[in-house]
Amino acid sequence: MPSAGEITAFLFAPETLWTGLAAMLAFGTFVTLALPMLGQGKLEKRIASVRNRREELRRKSREALERGSGLRTKDTRGMMRRVVDSLNLQKLFEDPDLKDKLIQAGYRGTAPVTTFYFFRLVAPVVLLFGAFLYLFFLNDFGLPTLTRVCIALGLGISGYYAPNLYVTNMAQKRRESIMQAFPDALDLLLICVESGMSIEAAFHKVASEIGAQSIELAEELSLTTAELSYLQDRRTAYENLAKRTNHPGVKAVATALIQAERYGTPLGQALRVMAKENRDMRLAAAEKKAAALPAKLTVPMIVFFLPVLFVVILGPAIIRFQDM
């Protein structure tokens, strides 16, 4: 029966940690490959989550009129909220662009803001003390004390920036998914508008059709439909769409829609031009990735292909030389 010390030494051995890391990476790869097949039902759930946008806007407006000062935000209860409020983390880690970043990443409401501030506080502490505990009490890898202290401090600093990096990456992935389907959505919107549909009905129709290609874009168009149906100024709905996506192509389309609404210019012509420009932008982005592919393949070619090539070419000669 192994003792507790032997079990601890086995669990925190470098070989065990590397094996666990490899298993986690393999599981992540499997999940990444399986998500497209498992995510077929996400469209209905995410569209259903934004169907009540009109009622939410109406409720907030009514509460603002009743209270006479601002809109009442939903109270997020729980341990994270208590920690953030007690330590006043929103003022300590104040970021005026945080809500916009979270919205661009697909996180809405006050709960994601609270979660972000909580993990910005907890992640550096956990990584710092975890690194100190491992490097000073479990396995020092033969490193000097100053080196171990620097590694622990570096992990703590990286923990502070980890939540912001995660939100940025999520926003970038969401933006790429939206822009892959945005030119096609503009073509559908052009067809709907030229067939005589109103802009609200056109947005609703495109949102229901484009979901199979991009759930994120369908969600944004559904939100825009709800805002167009309720907000008094359509310009606000278009500007919100551009702010949530944070992409030059969407901003140009929003500007064209605002100008068509204000000056009465033909909406079909503007959408046709914007669809062509966004399609050209998508093609340019694909060409840019294709041009960067040879440079990215240089290191894999050197590490994986050349050694095998040398073994195949020189192996028979070496074997023949040994036989001689």
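In the block above lies the structure referred to throughout.
These lines cover the structure that appears in this document, whether it is placed above or below. (Residues numbered from 1 in each chain as written. Predicted model: local features only at pLDDT ≥ 70, side-chain atom pairs only at ≥ 80, totals over all residues. Heavy atoms only, no water.)

What follows is about the nonpolar core. One finds Leu186, Leu189, Phe203, Ile210, Leu217 and Tyr238 to be the most contacted residues of the largest nonpolar core, which totals 34 residues. Those elements giving two or more residues to this core turn out to be α9 (145–194), α10 (199–210), α11 (215–230), α12 (234–245), α13 (248–263) and α14 (267–323). Val84, Phe116, Val167 and Ala171 belong to the second largest nonpolar core, which has 12 residues in total. (Core = buried A, V, L, I, M, F, W, Y, C linked by side-chain atoms within 4.5 Å. Buried < 20%, exposed > 50% of the residue type's maximum accessible area, 1.4 Å probe, protein only. Helix = DSSP H or I, 4+ residues; strand = E, 2+ residues; numbered from the N terminus.)

Here we take up α13. The first and last C-alpha atoms of α13 sit 22 Å apart over 16 residues, in line with the 22 Å expected at 1.5 Å per residue. Restricting attention to buried positions, one finds in α13 the residues Gly249, Val250, Val253, Ala254, Ala256, Leu257, Ile258 and Ala260. Where α13 is buried, its residues touch α9, α10, α12 and α14. Positive backbone phi, at 75 degrees, marks glycine 264, one or two positions downstream of α13. (Expected span 1.5 Å × (residues − 1). Contact = heavy atoms within 4.5 Å.)

Let us now look at α9. For α9, which comprises 50 residues, the first-to-last C-alpha distance of 72 Å matches the rise-based estimate of 74 Å (1.5 Å per residue) to within 8%. The principal kink in α9, of about 40 degrees, is found at phenylalanine 182, preceding the proline proline 183 by one to four residues. (Bend = angle between axes of the 7 residues up to and from the residue.)

The next thing to look at is the packing of aromatic side chains. Taken as a whole and assessed by the stated rule, the structure comprises 4 aromatic pairs. Ring centres of phenylalanine 116 and tyrosine 117 lie 6.0 Å apart, and the angle between their planes is 75 degrees; on these two criteria the pair is classed as edge-to-face. A single burial state applies to phenylalanine 116 and to tyrosine 117, both of which are buried. Between phenylalanine 118 and phenylalanine 119, the ring centres sit 5.6 Å apart and the planes meet at 85 degrees, which makes this aromatic pair edge-to-face. Sitting over the face of the ring of tyrosine 160, arginine 120 holds its NZ or CZ atom 4.6 Å from the ring centroid. Here the basic side chain of arginine 148 rests over the ring of phenylalanine 136, its NZ or CZ set 4.7 Å away from the ring centre. (Phe/Tyr/Trp six-rings, centres within 6.5 Å; stacked < 30°, edge-to-face > 60°. Lys NZ or Arg CZ within 6 Å of the ring centre and 35° of its normal.)

This part covers the packing of α9 against α14. It is at 9 Å that the axes of α9 and α14 come closest, and there the two elements cross at 160 degrees. Considered as vectors, α9 and α14 are oriented roughly antiparallel to each other. Considering the relative orientation of α9 and α14, their crossing is left-handed. Facing α9, whose interface residues are Met179, Gln180, Phe182, Pro183, Asp184, Leu186, Asp187, Leu189, Leu190, Val193 and Glu194, α14 presents Leu267, Gly268, Leu271, Arg272, Met274, Ala275, Asn278, Arg279 and Arg282. Per-class residue counts for the contact of α9 with α14 are 11 nonpolar, 3 polar and 6 charged. (Axes fitted to C-alpha atoms, helices over the stretch in contact; angles between N-to-C directions. Parallel < 35°, antiparallel > 145°, perpendicular 65-115°, else oblique. Left-handed = near helix turned anticlockwise from the far one by under 90°. Nonpolar A, V, L, I, M, F, W, Y, C, P; charged D, E, K, R; others polar.)

Moving on, we get to the environment of arginine 148. Inspection of the secondary structure assignment puts arginine 148 in helix α9. Residues contacting arginine 148, with those up to four places away along its chain left out, are Leu135, Phe136, Asp140 and Leu143.

Inspection of every chain in the model, using the stated rule, returns 14 salt bridges. One salt bridge connects aspartate 187 with arginine 279, and the closest N-O pair in it is separated by 2.4 Å. Here arginine 279 lies in helix α14 and aspartate 187 lies in helix α9, a separation of 92 residues in the sequence. For the salt bridge of glutamate 239 with arginine 235, the shortest nitrogen-to-oxygen distance reads 2.8 Å. Remark: arginine 235 and glutamate 239 occur in helix α12; sequence separation between them is 4 residues, near one turn of the helix. (Salt bridge = Lys/Arg side-chain N within 4 Å of Asp/Glu carboxyl O.)

So, about the side chain of arginine 174. Tracing the backbone through its elements, the reader meets arginine 174 in helix α9. Exposure remark for arginine 174: the relative accessible area of 5% places this residue in the buried category. Of note is the side chain of arginine 174, whose polar atom sits 2.4 Å from the side chain of glutamate 220. (Polar contact = N/O pair within 3.5 Å; in protein donor to acceptor, adjacent residues only side chain to side chain.)

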